[in-house]
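The primary structure of each chain is shown beneath.
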Amino acid sequence: MREDVRISLPDASSLAGTLALPDGTAPAAGWPGVVVLHEIYGVEPDMLDVVDLFAEHGYAAILPDLYSHGTRIGCLSRAMHQFVTGKPGRPAADIDATRQWLAGREDVDGDRLGVIGFCMGGGFALAYAASAPPGVRAASVNYGAVPPDREELRSVCPVVGSYGGRDQGFGPHGRRLQEHMRALGIEHDVEIYPDAGHSFMTDGHHPVAKLALFPLRHGLVRAAADDAWQRTFDFFDEHVANHA
């Protein structure tokens, strides 16, 4: 069941969000939860499909519209600044407000949370998880930016990640993430799919991006996507849903 919600922010404004819940009555302890962070394109149909997919797997999923805090141009500019610099800013604060909103629901177990992101949202998910937010047990980083300095990730929770080997922009970040996690001794499952490019896990329709960002090799690759989703849910089930 999917519904539109508003997420209150400390400055008395709010974020638009989309919430999807599993069918039936919540367990006594509450459902495990996940914060879904969208690609640079914003809240598109393929991102809405992701919250539905998590709900079908027994998670309460919230997708905040990170472009809804102020004007879209201003939000995009701030998001891009954080994306490029890796410095915390309003997007990071908005993500944390979303986590608090989800954890505060009576039908959600705020001690069993995950965060997943794609493209821009993948980098945000990793950076946010590295701040050790309460209750966040796993992060899924999909073709997202990874900081060169591994020390920035020392406090990150277990990480599952998926990258495309044909993605000339972000494929190398997948290898960097593998190296950082190994060096830091953090539990992880990071896979690079040689036949996939950027945005290969969701069925998004971005014809302009496919032409303008040709080196990224945009587009769904079903076999790689199916495997990446299976790995993601296996990882989240172990570290989030089954967290004791």
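Structure report, in brief. These numbers come from a predicted model, not from an experiment.

1. Looking at the pairing of strand E4 (residues 60–64)
Reasoning step 1: Of all 5 residues in E4, 5 are buried, a share of seventy percent or more.
Reasoning step 2: Residues of E4 alternate between two faces, with Ala-60, Ile-62 and Pro-64 on one and Ala-61 and Leu-63 on the opposite face, all of them buried.
Reasoning step 3: Here strand E2 (residues 14–20) runs beside E4; their pairing, made up of 4 bridges, is antiparallel. Among the inter-strand pairings, Ala-20 is bridged to a residue of E4, identified as Ala-61.
Reasoning step 4: Of the pairings in the sheet, the one linking strand E3 (residues 31–37) to E4 comprises 3 bridges and is parallel in character. Bridging from a neighbouring strand, Gly-33 pairs with Ala-60 of E4.

2. Section: the nonpolar core
Reasoning step 1: Val-36, Phe-54, Phe-118, Leu-153, Val-156 and Leu-177 are the most contacted members of the largest nonpolar core, which totals 73 residues.
Reasoning step 2: The greatest single-element share of this core, amounting to 8 residues, is contributed by helix H7 (residues 222–241).

3. Points about the pairing of strand E7 (residues 159–164)
Reasoning step 1: Most of E7 is tucked away, with 6 of its 6 residues classed as buried.
Reasoning step 2: The side-chain alternation of E7 yields two buried faces, one formed by Val-159, Gly-161 and Tyr-163 and the other by Val-160, Ser-162 and Gly-164.
Reasoning step 3: Two strands pair when backbone bridges link them, and E7 and strand E8 (residues 188–193) are joined in this way by 6 bridges, in the parallel orientation. The partner of Gly-161 across the bridge, within E8, is Val-190.

4. Concerning the packing of aromatic side chains
Where two aromatic rings form a pair, the distance of their centres and the angle of their planes describe that pair.
Reasoning step 1: One pass over the full model with this rule turns up 10 aromatic pairs.
Reasoning step 2: Between Phe-118 and Trp-229, the ring centres sit 6.0 Å apart and the planes meet at 45 degrees, which makes this aromatic pair tilted. Within this pair, whereas Phe-118 is found in strand E5 (residues 108–118), its partner Trp-229 is found in helix H7, the two being separated by 111 residues in sequence. Across the pair, exposure class does not vary: Phe-118 and Trp-229 are buried alike.

Conventions we followed
- Residues numbered from 1 in each chain as written.
- Predicted model: local features only at pLDDT ≥ 70, side-chain atom pairs only at ≥ 80, totals over all residues.
- Heavy atoms only, no water.
- Buried < 20%, exposed > 50% of the residue type's maximum accessible area, 1.4 Å probe, protein only.
- Helix = DSSP H or I, 4+ residues; strand = E, 2+ residues; numbered from the N terminus.
- Pairing = 2+ DSSP bridges.
- Core = buried A, V, L, I, M, F, W, Y, C linked by side-chain atoms within 4.5 Å.
- Phe/Tyr/Trp six-rings, centres within 6.5 Å; stacked < 30°, edge-to-face > 60°.

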